[in-house]
Amino acid sequence: MSLTDLPYAADAESPLTIEELSVLRRQFEKEVKEDDVTTQTKFNYAWGLIKSRRKNEQQLGVRLLAEIFRESPERRRECLYYLALGHFKLGEYTHARDYNDQLLQREPNNLQAQSLKKLIEDKLNREGLMGAMIMSGVVGAIAIGGLYIASLFKDKRK
């Protein structure tokens, strides 16, 4: 697989149709019944699930990819990117960054992973900024509350 064979993150945002995902699900379930699930079938189904708009389906897709990552060393490199995308879609940006960074350690010139890294860092920075704003709001509210209480005690002493 070359550096350009991986989809860009935007592709993860376009879900399969219900019919397309059903085809993948039926194939996967058929192979599960026969106790002979191929890695490719599991991978295709996982990717279809990650592309979904439903969080529970995205979570299942990530679990299936994690199984492939553990069980199929020859697919680990590919799984790193898709696991990063899956965690990114779930809003689990730290996990997404960890998987993506592992891929970039192996392939520093991977354009898709570089692109995803920028998206992940933007989300983490935004989350950090929001967290800081929330904390400063909480600290400000506590300070204002403290000043109010102090003024009540001051008024009672008069």
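Residues numbered from 1 in each chain as written. Predicted model: local features only at pLDDT ≥ 70, side-chain atom pairs only at ≥ 80, totals over all residues. Heavy atoms only, no water.

Inclusion rule: UniProt positions are given in the numbering used here, feature names are shortened, and annotations may be inferred rather than shown by experiment.
The chain goes by Mitochondrial fission 1 protein in an unreviewed UniProt entry, where it is assigned to Gigaspora margarita. The chain has a UniProt comment under Subcellular location (unreviewed entry) that states "Mitochondrion outer membrane". Looking at the chain in UniProt, the text filed under Function (unreviewed entry) is "Has a role in mitochondrial fission. Has a role in outer membrane fission but not matrix separation."

### Observations concerning the overall build of the chain
Heads up, the rule is: Numbering goes from the N terminus for both helices and strands, where a helix is a DSSP run of H or I of at least four residues and a strand is a run of E of at least two. Three labels apply to residues, based on accessible area from a 1.4 Å probe with only protein chains included: buried if under 20% of the type maximum, exposed if over 50%, partly exposed otherwise in between. It only takes one pair of heavy atoms within 4.5 Å for two residues to be counted as in contact. Surface accessibility in these figures is a Shrake-Rupley result with a 1.4 Å probe; residues are shielded only by whichever protein chains are displayed.
Of regular secondary structure, the chain possesses six helices and zero strands. Listing the helices and strands of the chain from first to last along the sequence gives α-α-α-α-α-α. Considering the chain as a whole, with its 158 residues, one finds that 35% of them fall into the buried category. Across the chain, the fraction of contacts at a sequence separation of at least 24, relative to all contacts at a separation of at least 6, is 60%. When the accessible surface of the chain is split by element, carbon and sulfur atoms take 56% of a total near 9,900 Å².

### Here's the deal with the nonpolar core
Condition: Buried residues of nine kinds, namely Ala, Val, Leu, Ile, Met, Phe, Trp, Tyr and Cys, make up a nonpolar core once their side-chain atoms join them within 4.5 Å.
Counting 33 residues, the largest nonpolar core has Leu-65, Leu-83, Leu-85, Leu-116 and Ile-120 as its most contacted members. For this core, the secondary structure elements donating two or more residues are helix 1 (18-33), helix 2 (39-50), helix 3 (55-71), helix 4 (76-89), helix 5 (93-106) and helix 6 (111-157).

### Concerning the packing of helix 1 against helix 2
Helix packing geometry: the angle between the two helix axes and the distance between the axes. To keep it simple, the criterion reads: The axes used here are C-alpha line fits, helices contributing only the stretch in contact, and every angle between their N-to-C directions lies in the interval 0 to 180 degrees. By the definition used in this description, the sense in which the near helix is turned from the far one sets the handedness, with an anticlockwise turn below a right angle giving left-handed and a clockwise turn giving right-handed. Polar here means any residue outside two lists: the nonpolar Ala, Val, Leu, Ile, Met, Phe, Trp, Tyr, Cys and Pro, and the charged Asp, Glu, Lys and Arg; Gly therefore counts as polar.
Where helix 1 contacts helix 2, the axes come no closer than 9 Å and their chain directions differ by 145°. For helix 1 against helix 2, the interelement crossing comes out left-handed. Taken together, the residues of helix 2 that come into contact with helix 1 (itself represented by Leu-21, Leu-24, Arg-25, Gln-27, Phe-28 and Glu-31) are Thr-41, Lys-42, Asn-44, Tyr-45, Gly-48 and Leu-49. Per-class residue counts for the contact of helix 1 with helix 2 are five nonpolar, four polar and three charged.

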